[in-house]
Each structure stands twice: as C-alpha cells, then as structure tokens.
Amino acid sequence: AQKVTQAQTEISVVEKEDVTLDCVYETRDTTYYLFWYKQPPSGELVFLIRRNSFDEQNEISGRYSWNFQKSTSSFNFTITASQVVDSAVYFCALSEYGNNRLAFGKGNQVVVIP
Amino acid sequence: NAGVMQNPRHLVRRRGQEARLRCSPMKGHSHVYWYRQLPEEGLKFMVYLQKENIIDESGMPKERFSAEFPKEGPSILRIQQVVRGDSAAYFCASSLRDRDRSSGNTIYFGEGSWLTVV
C-alpha cells in the first residue's frame, strides 16, 4: 500500500528565509512517481513537480528545489528566499506504476510573514 | 491551453437534494479522476474513469455516489440525497495514459468544486 507522511503541519517563516518541507513515502513498487502540489488560499491545486523513482537527480526550478533520496524514501522540497506569495498548503503525493491513484500526505501549511 | 475545467466552483444544497459536479479534462487527456478533500482527512482518491468506463472506483462511497465519463461531454460526479458530511471540496484531475517510463503520468487538477450542504 502506498503512503505519504508529511510530519510538519504548519510552518511559519519570515520573508526571505528558506523553508524545507519533509516528505517520507512508503511503497512496495520498484517503479513509482512522486509529486508536489501547491494549494494557495484560492483553493486550486497547482502541479509543481513529478519525479520518477528511477531518476534520483535533484531538481531546481527558480527558488524551488527538490531533494530525492531513495535510500531514506524521502522527497523533500525547499523554498529559497521565501515570499508572501509562497503562503499555501503544499502536498506531497505518490503514485505507483501499476495504478494512477495518488496517495497524498496531509500537507504542510506554509505561512510567510512579511 | 485550457486546463482542467470544473463547474460549478461553489454549490450549496439542502440535505436530501442531489449534487452534480462537472469536469472537462485537459485537451487531449482521456483519463479523469475525482478526489475529495475533507477538512480532517485531507485529499482522498475517489474514482478513475476513461471514456465510458470506470477503471477504479475503490475510493467511492458505496451508496449515493456515482461517476460517469460519457463518450461526449464532461465527466459527472453525482451525489444523491446529500448529507452534511458530504460538504467538501471535490477535485477533478486528468492525465494522458502513457506507459513510457520516462514520462509517466502527470496528473493535473482543476480548481475544485466546493459543496456545502445546509
């Protein structure tokens, strides 16, 4: 069974600080996909990234970066130099190759204080 | 490119009424999913459909809930005889079905439909 744990529920940071969101996953499949989504106060779910299990290369996109560590089953997300617009709930999710169901973590509420 | 389109964005129903939520997938996507977001439970998978077929409904409540994705038109999530506990955000998502390992399946979500049962 697929499972995603995001331990930190709410994180407050002052603008321009970095913030790292932890995501730990469980799966028995050898092929799987990991995702991060952002849910701003307006409510929509915005796709940020997909990472395949066979590709452990870390990724940077602007102020966002992701650290995939298969050895610890973690897919952590860092926002560098946070801005108020980063205030949102961030969800980590897992999909196994055999199905298209996404298992979501409970989300991290990020509050960026100006 | 238009994204996943859901309507209505907000819906209020009295207990016992029916709620119908509509979803048009992204252009070129033939796979549709419905997820529900409840305040204390987070985002949960409900159902996965292709045109005219239900592929996986393992997350659907056994009663009052149904989903379809007809050959023509949007996917519909239907909730009959709504109760207060059905109040939630319902998200539709779509994807290409791509067995290519290098690309996998990116699942894109709509803006959600917020159902309030009074």
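Residues numbered from 1 in each chain as written. Chains lettered and ligands numbered in written order. Predicted model: local features only at pLDDT ≥ 70, side-chain atom pairs only at ≥ 80, totals over all residues. Heavy atoms only, no water.

### Observations regarding the state of the cysteines
Residue and element names in this part refer to chain A. One pass over the full model with this rule turns up two disulfides over all chains. Between the sulfur atoms of C23 and its disulfide partner C92 the distance amounts to 1.9 Å. Between C23 and C92 the disulfide shows an S-S torsion of about -65°. By sign, it is left-handed. Within this pair, whereas C23 is found in the loop between β3 (19–21) and β4 (24–26), its partner C92 is found in strand β10 (residues 88–96), the two being separated by 69 residues in sequence. On the basis of relative accessible area, C92 is assigned to the buried category, the value being 0%. (Disulfide = S-S within 2.5 Å. Helix = DSSP H or I, 4+ residues; strand = E, 2+ residues; numbered from the N terminus. Buried < 20%, exposed > 50% of the residue type's maximum accessible area, 1.4 Å probe, protein only.)

### Here we look at the pattern of salt bridges
Residue and element names in this part refer to chain A. This structure, assessed with the given rule, holds eight salt bridges over all chains. D55 serves as the salt-bridge partner of R51, at 3.1 Å between the closest nitrogen and oxygen. The exposure class assigned to D55 is partly exposed, which follows from its relative accessible area of 24%. A salt bridge links R63 to D86, with the nearest nitrogen and oxygen atoms 2.8 Å apart. Of this pair, R63 sits in the loop between β7 (59–61) and β8 (64–69) while D86 is found in the loop between β9 (74–79) and β10, placing the two residues 23 residues apart along the sequence. The exposure class of R63 is partly exposed, given its relative accessible area of 25%. (Salt bridge = Lys/Arg side-chain N within 4 Å of Asp/Glu carboxyl O.)

### Describing the packing of aromatic side chains
For any pair of aromatic rings, geometry is given as the distance between the ring centres together with the angle between the planes. For the structure on display, the rule yields 22 aromatic pairs over all chains. Aromatic pair Y64 of chain A and F77 of chain A: ring centres 5.2 Å apart, planes at 90°, arrangement edge-to-face. Within this pair, whereas Y64 of chain A is found in strand β8, its partner F77 of chain A is found in strand β9, the two being separated by 13 residues in sequence. Under the relative-accessibility criterion, F77 of chain A is labelled buried at 0%. Over the ring of F45 of chain B we find R101 of chain A, and its NZ or CZ is 5.9 Å from the ring centre. (Phe/Tyr/Trp six-rings, centres within 6.5 Å; stacked < 30°, edge-to-face > 60°. Lys NZ or Arg CZ within 6 Å of the ring centre and 35° of its normal.)

### Structural notes on the layout of surface pockets
Approximately 340 Å³ is the volume found for the largest pocket. Lining the largest pocket are 21 residues, and of these Q2, A103 and F104 of chain A together with L43 and K44 of chain B sit closest to its centre. Sorting the residues of the lining of the largest pocket by element identifies β1 (3–5) and β11 (103–104) of chain A together with β5 (42–50) of chain B as the ones contributing at least two each. The leading source of residues in the lining of the largest pocket is β5 of chain B, at four residues. When its residues are assigned to classes, the lining of the largest pocket shows eight nonpolar, eight polar and five charged. (1 Å grid on protein atoms, 1.4 Å probe; cavity = no way out; pocket = protein on both sides within 12 Å on 5 of 7 lines; lining within 4 Å. Points joined across faces, edges and corners; volume = space filled by probe spheres on them. Nonpolar A, V, L, I, M, F, W, Y, C, P; charged D, E, K, R; others polar.)

### A word on the nonpolar core
Residue and element names in this part refer to chain B. Formed by 24 residues in total, the largest nonpolar core has its most connected members in W34, M46, L77 and Y90. Listing elements by their share of this core, those giving two or more residues are β3 (19–24), β4 (31–38), β5, β7 (65–68), β8 (75–79), β9 (88–95) and β11 (113–117). Residues in contact with L77, not counting those within four places in the same chain, are A19, R20, L21, W34, M46, M60, S66, A67 and Y90. (Core = buried A, V, L, I, M, F, W, Y, C linked by side-chain atoms within 4.5 Å. Contact = heavy atoms within 4.5 Å.)

### Re the interface of chain A and chain B
On the side of chain B, 27 residues touch chain A, which itself brings 20 residues to the contact. Buried area between chain A and chain B, both sides added, is near 2,100 Å², and the carbon and sulfur share of it is 50%. On the chain A side of the interface with chain B, the three residues burying the most area are L45, Y97 and N100 of chain A, jointly 30% of the side's total. Among the ionic pairs, R101 of chain A bridges to D56 of chain B, the shortest N-O distance being 2.4 Å. The interface formed by chain A and chain B contains six residue pairs in polar contact (both at pLDDT 80 or more). (Buried area = accessible area lost by both parts, 1.4 Å probe. Polar contact = N/O pair within 3.5 Å; in protein donor to acceptor, adjacent residues only side chain to side chain.)

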